[in-house]
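The lines below spell out each chain.
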Amino acid sequence: MDSMKRYFLFALSILFVLCLTGCWGNREIEDLSVNVGLALDVGEESELEQELAKEGDSYPKKNLITATLQTVPVLKGKSEKQSGSSKSSPMYLNTEETGDSIFQLYRQFSLRRYRPIIGHHLKVIVISSELSRKMDLNKLLKFISRDNDIRPSCLILISKEKASEALISSQSGDIPSFHLRSMVENQFRNNKILAPMILTKLDGIMNSGSSFILQNLVSAKGEVEFAGAGVIKGKINKWIGTLNEHEVEGLNWIRGEIEGGVIKTYDKSGEVLAYEIKSAKTKIKTKVQGNDISFHVSIESDGRLIENWDTSQVPTDDKFLKEAEGYFEEELKEMLHKTIHKIQEVYHVDVGGFNNKLRIQHPKVWKKVKKEWDETFSQSDITYDVKLNITDYGSSTK
Amino acid sequence: MWKTIVSYIPDGIVFVQALVILIVPIIIYFTSKWLQSALGTRPSEDTPTENKSEENTPENGKAETEATLSFTGKYEADLASIKKKIAKNCDVHFREFTMATGKKAAIIYVEGLYDKELIEVQVMKSLMFDDAEETEKPSDDTKKSSDDTKITKTYLMNKMLPISEIREALNLQELISDILVGSTAMLIDGIVEVLLLGSATGKTRSIEEPLSEGLLRGPRVGFTEILSDNTAVLRRHGKNESLEMIKFQVGTRAKKDLVVAYMNDIVNSELLEEVKRRIEAINMDYLPESGYVEQLIEDNTLSPFQQAQNTERPDRVINSLLEGRVAILLDGSPFALIVPVTFSMLLQSPEDYYERWIPGTLLRMLRFLATFFALFAPALYISFISYHPGLIPTKLVMSIIDARQGVPFPSLIEALIMETSIEILREAGVRLPKPIGPAMGIVGGLIIGDAAVNAGLVSPFLVIVVAVTAISSFAIPSYSAGITLRLLRFLAMFSAAVLGAYGTILFFLLLFSHLVKLKSFGVPYISPAVPYRLDDWKDFIFRLPFKVMKRRPLMMKTKDSDRKK
């Protein structure tokens, strides 16, 4: 009997222990809002914020940065859900906060929205070129790269106008952050898109002190477009200018990051000729002679003649194909020439990945020149040769 | 110098934590050890002494006198002493008659159990009518005795009773117990021995396809409740002299036959001895089902896992015997026990071997996956929803947040509501009559699930999770293993609710540290994974072609390891 009592007590204590282990320390998913996009602009309080400040919302700060946090999902009432997507209410919520410390801005958010934000799903960070011209990018992204929640796969973009405009979409049902993140994947269709610059990659590059480019955004009437790239000078980590789409294309050729796309040119009679890139290969050879460093870029590509407006020409004709190849090669060389001129003469930065080639091919030389590399690069000689092969002309000969 | 050293010494709280980490496992160890000893050794230690002191005193004296009490050979006296013992029973009948020779005889039988045809046609007829012919026929040397009208036992057995199953009872006690089991006793005036004719025939079930272990391909034979049928089914597997079956009697009050079957030139003799030892140690007044045997011979009473496999399929038993395992069959139970068992056996189906090895392997892997889902799907749901929203794809996060807006409960409560109701549904489905069962499943599963979602009680995602869990647990071939997983699933859910995915992993580790330690008759439960035996992996998660599986499992340490001989 006594042992029965003991068993009973033991079982009871286990039961109590089970009851004790309630749910603590957890946070239900429906009580959270997901931060998917962040736009950083030059500090300028919005009307709402000014009014709130008038009402008494104030704390010691410098208005250096305006952060726009995009959160999803926007909760809908039941009636609205049933009425479906006919109403064009946005699927996202943008909240603007002005201040200095980005971390503090994130925490200020909790003063205005009841569902705390989580950073795991942050997809894009858009930085306005104006802000990045004024402020060190390293400072701006310190919190982002240190935070444990935010994933290293987060994409960094530059925007020509206000960055917050890039996080607005006129299409209903579209979430701009997802839109931007997915658009980067279109590299196989268009060679004007840069390989995605993600947070970890950027972190490494910024620490190495080399210059880099970030995909540039332009927006108008709620539409966002990738247009060229912003150039960040490594030493100061600040924006110094932009490359246009054509130059980005050229840079992609030099960097060997072409996955597809088009070369368009005109023949002697001014008719359109287009070349669809099937494969492309770039080799950069480094030559060191005394203090002179020179590079030779050789590009080889296979592709298809996809469009020729001059109907008198028949693509089955080998002579015509050779001629067309000539036009395309000319066009590509022109493109490379402009690009190299721009980065060497105008911006004096190496954003074409030449530093890496030198480091691999001549590590000793690299050690000597790495401190003043951007200047050394601007002085170096770059030659190139281009070989394009038209392998076919699609399913029609006309 | 001293200061720098001091700065590296942690604060008191760290020491307290270290102490807790040290002490808690020790406490758990000793508690489980104490529980083990309290539960495990009790039946074998305490009961025998108690039983003897209490029960044997009144019975022993009588039994002793009765055991020595043999029959007198005087018809009236013997009949009276038998009647005195069992005539009170309404189903025991005494049929007295006079033999053709004029001697008195009686037949004692139990209604419904005795072999009516055999007794009437072969025994009574030959004794009552054919006697004259029979006694006249015998040759001259027996004439003397027949003149004396003295029929001896041997004469009866040799000349008069054309039946195969005939024994003689030595004393009253044995006679009575045999009568009550179904033998027919025959008492003849002038013969000292009482003959037992035939055996019980009571109503039996025909051999059917096993209900709990259906197969698409494979023999449609299952065990029945009759031990002799079951042993016969095993015998019928092929000409094989090495199959040995030894009989035990278990149960202190109601004795039942129990058969241990094995292949004598394969089975490890130590294993066999251990099985015999444990069966002999069984001390229980009555064993209605082999589940009793299973629980009385198992190694670890506290483990949630079964330590003997129960099966209704003779083909499964034979396969196990050929691997060097031992089968235990109990009279009155269609479930044979196979020991030792390993975890992978519970996830295997005989079909894995009957189908080709590639689909067999696929099905096996599927079952391992299903086991994982059945155990951890709700736990993972809880930990993702409540702790790790970052691990869910972004778009799914959005729709989950949307879907869960109206749900008033935390995910644990939500999951508990659904899981509990599903478990109740399953339990109810088992009890329900066959025509209603499936309908009940549909009503319960679909309608309640849908209604719960519409009422905002649970989220639609949980319904998917619960459905996947339920279906996965149906994919486990062994019902008993399924129940174990159902139980553990709830524990996993609680640990997920406390510490998220970390808690789930801790639970997983805890579970496996138990499994690694668990043994079934000396064979580690999750072998061949631990201890690692690569050769046995041929028949573990994969089922390699038979040409590759040339040897019996190493873990069984068989006498003959070559399958080709």
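Residues numbered from 1 in each chain as written. Chains lettered and ligands numbered in written order. Predicted model: local features only at pLDDT ≥ 70, side-chain atom pairs only at ≥ 80, totals over all residues. Heavy atoms only, no water.

S.K.: Go over the overall build of chain B with me, naming the residues and quoting the values.
M.R.: Along its length, chain B carries 21 helices and twelve strands. Taken against the 2.2 N^0.38 rule, which gives 24 Å for 565 residues, the C-alpha radius of gyration of chain B at 32 Å runs more than 25% over that of a compact globule. Seen through its C-alpha atoms, chain B measures out along the principal axes to roughly 115 × 65 × 55 Å. Counting across all 565 residues of chain B, residues that qualify as buried make up 43%. Taking the contacts inside chain B whose residues are at least 6 apart along the sequence as the reference set, 67% of them involve residues at least 24 apart. For chain B, the accessible surface area stands at approximately 29700 Å², while carbon and sulfur atoms represent 62% of it. (Helix = DSSP H or I, 4+ residues; strand = E, 2+ residues; numbered from the N terminus. Rg over C-alpha atoms; globule rule 2.2 N^0.38 Å. Buried < 20%, exposed > 50% of the residue type's maximum accessible area, 1.4 Å probe, protein only. Contact = heavy atoms within 4.5 Å. Areas by Shrake-Rupley, 256 points an atom, 1.4 Å probe, with all protein chains shown as cover.)

S.K.: Explain the interface of chain A and chain B residue by residue, including any values.
M.R.: Each partner contributes to the interface: chain A provides 30 residues, whereas chain B provides 30 residues. On the surface where chain A and chain B come into contact, there are two salt bridges. We note a salt bridge from R404 of chain B to E28 of chain A, for which the minimum N-O separation is 3.3 Å. A total of three residues in the side of chain A that touches chain B trace back to one element, the largest contributor, which is helix α1 (residues 2-20) of chain A. Each residue belonging to the side of chain A that touches chain B can be placed in one class, and the counts come to 15 nonpolar, six polar and nine charged. (Salt bridge = Lys/Arg side-chain N within 4 Å of Asp/Glu carboxyl O. Nonpolar A, V, L, I, M, F, W, Y, C, P; charged D, E, K, R; others polar.)

S.K.: Describe in detail the pattern of salt bridges, supporting the description with residues and values.
M.R.: Residues and elements named next belong to chain B. Considering all chains together, one arrives at 41 salt bridges over all chains under this definition. Taking the shortest distance from any N to any O, the salt bridge between K104 and E76 comes out at 3.1 Å. Within this pair, whereas K104 is found in strand β2 (residues 104-110), its partner E76 is found in helix α4 (residues 75-86), the two being separated by 28 residues in sequence. The class of K104 is partly exposed, set by a relative accessible area of 40%. For E414, the salt bridge is made with R404, and the minimal N-O distance between the two is 2.3 Å.

S.K.: Pulling in residues and values, what's your account of a positive patch on the surface?
M.R.: Together, K281, K283, K285 and K287 of chain A line one region of the surface with positive charge. Along the polypeptide, K285 of chain A turns up in strand β11 (residues 272-289). (Patch = residues over 30% accessible without salt bridge, like charges linked within 9 Å, V, L, I, M, F, W, Y side chains within 5 Å. Lys, Arg positive; Asp, Glu negative; His and termini not counted. Charge placed at Lys NZ, Arg CZ, Asp CG, Glu CD.)

S.K.: Requested: an account of the confidence of the model for chain B, with residues and values cited.
M.R.: Residue and element names in this part refer to chain B. With 91% of its residues at a pLDDT of 70 or more, chain B shows a mean pLDDT of 84. Of all secondary-structure elements in chain B, the lowest mean pLDDT belongs to helix α3 (residues 42-68), at 43, while strand β9 (residues 326-330) reaches the highest, 95. Scored below 50 in pLDDT, residues 42-64 shows twelve contacts in the model against residues more than four places distant or in partner chains. Below pLDDT 50 for its whole length, residues 132-148 participates in eight contacts with residues either more than four positions away or in separate chains. (pLDDT = per-residue confidence, 0-100.)

S.K.: How would you summarise the packing of aromatic side chains if you had to cite specific residues and measurements?
M.R.: Throughout the structure, instances matching the rule amount to 21 aromatic pairs over all chains. Taking the centre distance of 6.0 Å and the plane angle of 45 degrees together, the rings of W373 of chain A and F377 of chain A count as tilted. Of this pair, W373 of chain A and F377 of chain A both sit in helix α15 (residues 373-379), four residues apart, roughly one helical turn. With respect to class, W373 of chain A is no different from F377 of chain A; both count as buried. Among the aromatic residues, ring-to-ring pairing joins F372, F373, F376, F507, F508 and F512 of chain B into one connected group. In this structure, K83 of chain B is placed above the aromatic ring of F94 of chain B, and the distance from its NZ or CZ to the ring centre is 5.4 Å. We note R278 of chain B situated over the ring of F521 of chain B; from NZ or CZ to the ring centre the distance is 4.1 Å. (Phe/Tyr/Trp six-rings, centres within 6.5 Å; stacked < 30°, edge-to-face > 60°. Lys NZ or Arg CZ within 6 Å of the ring centre and 35° of its normal.)

S.K.: Any details on the UniProt feature "domain: Spore germination GerAC-like C-terminal" (unreviewed entry) in chain A? Residues and values, ideally.
M.R.: Annotation from UniProt places "domain: Spore germination GerAC-like C-terminal" (unreviewed entry) at residues 228-394 of chain A. Taken end to end, residues 228-394 of chain A has its terminal C-alpha atoms 30 Å apart, with 38% of it in helix and 38% in strand. (UniProt positions renumbered as here; feature names shortened; annotations may be inferred.)

S.K.: Describe unusual backbone geometry, listing the residues and the values that go with them.
M.R.: The amide bond that connects S527 of chain B to the next residue, P528 of chain B, takes the cis arrangement and shows omega of 10 degrees. Relative to the helices and strands, P528 of chain B is located in the segment after β12 (523-524). Along the chain, V530 of chain B connects to P531 of chain B via a cis peptide bond; the corresponding omega equals -5 degrees. As for its position among the elements, P531 of chain B is in the segment after β12. Unusually for a residue other than glycine, H348 of chain A sits at a positive phi of about 55 degrees. Here H348 of chain A is to be found in the loop between α12 (318-347) and α13 (354-361). For F521 of chain B, which is not a glycine, the phi torsion comes out positive at approximately 50 degrees.

S.K.: Outline the environment of V224 of chain A, supporting the account with residue identities and numerical values.
M.R.: Residues and elements named next belong to chain A. Mapped onto the secondary structure, V224 falls in strand β8 (residues 223-233). Accessibility expressed as a relative area gives 14% for V224, which makes it buried. Residues within four places of V224 in sequence aside, it is in contact with E165, A166, I168, L180, M183, L217, V218 and S219.

S.K.: Tell me about the UniProt feature "transmembrane region" (unreviewed entry) in chain B, and name the residues and values.
M.R.: As recorded in UniProt, the feature "transmembrane region" (unreviewed entry) lies at residues 12-32, 326-346, 366-387, 457-476 and 488-512 of chain B. Secondary structure across residues 488-512 of chain B comprises 100% helix and 0% strand; the distance between its end C-alpha atoms is 12 Å.

S.K.: Describe empty space enclosed by the protein, naming the residues involved and giving the relevant values.
M.R.: Residue and element names in this part refer to chain A. For the coordinates displayed, the defined rule picks out two cavities of 30 Å³ or more. Roughly 80 Å³ of volume is contained in the largest cavity. In terms of lining, the largest cavity is formed by A166, I168, S169, Q171, D174, P176, H179, L180, G222, E223 and V224. Of all elements in the fold, only α9 (176-183) and β8 reach the threshold of two or more residues within the lining of the largest cavity. It is α9 that contributes the most residues to the lining of the largest cavity, three residues altogether. Each residue belonging to the lining of the largest cavity can be placed in one class, and the counts come to five nonpolar, four polar and two charged. (1 Å grid on protein atoms, 1.4 Å probe; cavity = no way out; pocket = protein on both sides within 12 Å on 5 of 7 lines; lining within 4 Å. Points joined across faces, edges and corners; volume = space filled by probe spheres on them.)

S.K.: Summarise the domain arrangement of chain A; cite the residues concerned and give the values.
M.R.: Residue and element names in this part refer to chain A. Each assigned domain of chain A is listed here: domain 1 (30-73 + 90-243) and domain 2 (248-392). The straight-line distance from the C-alpha centre of domain 1 to that of domain 2 is 32 Å. Listed as interface residues are 23 residues of domain 1 and, on the opposing side, 25 residues of domain 2. Carbon and sulfur atoms supply 53% of the area that domain 1 and domain 2 bury against each other, a total of about 1800 Å² over both sides. Salt-bridge contacts for K235 lead to E372; the nearest nitrogen and oxygen are separated by 3.1 Å. The interface formed by domain 1 and domain 2 contains eight residue pairs in polar contact (both at pLDDT 80 or more). The residue inventory of the side of domain 1 that touches domain 2, partitioned by class, reads ten nonpolar, nine polar and four charged. (Domains from an automatic or database assignment. Buried area = accessible area lost by both parts, 1.4 Å probe. Polar contact = N/O pair within 3.5 Å; in protein donor to acceptor, adjacent residues only side chain to side chain.)

S.K.: Can you lay out the sheet that holds strand β1 (residues 92-98) of chain B for me, pointing to particular residues and giving the numbers?
M.R.: Residue and element names in this part refer to chain B. The five strands lie next to each other as β1-β2-β4-β5-β3, forming an open sheet whose pairing is antiparallel. Looking at strand neighbours, the two that pair on one side only are β1 and β3 (166-169), the edges of this open sheet. Averaged over all pairs of adjacent strands, the angle between their axes in this sheet comes to 25 degrees, without regard to strand direction. Direction of pairing for β2 relative to strand β4 (residues 184-188): antiparallel, over a ladder of four bridges. Bridging from a neighbouring strand, A106 pairs with L187 of β4. Sheet contacts for helix α8 (residues 153-160): β3, β4 and β5 (194-197); angle to β5, the most-contacted strand, approximately 25 degrees. (Pairing = 2+ DSSP bridges. Axes fitted to C-alpha atoms, helices over the stretch in contact; angles between N-to-C directions.)

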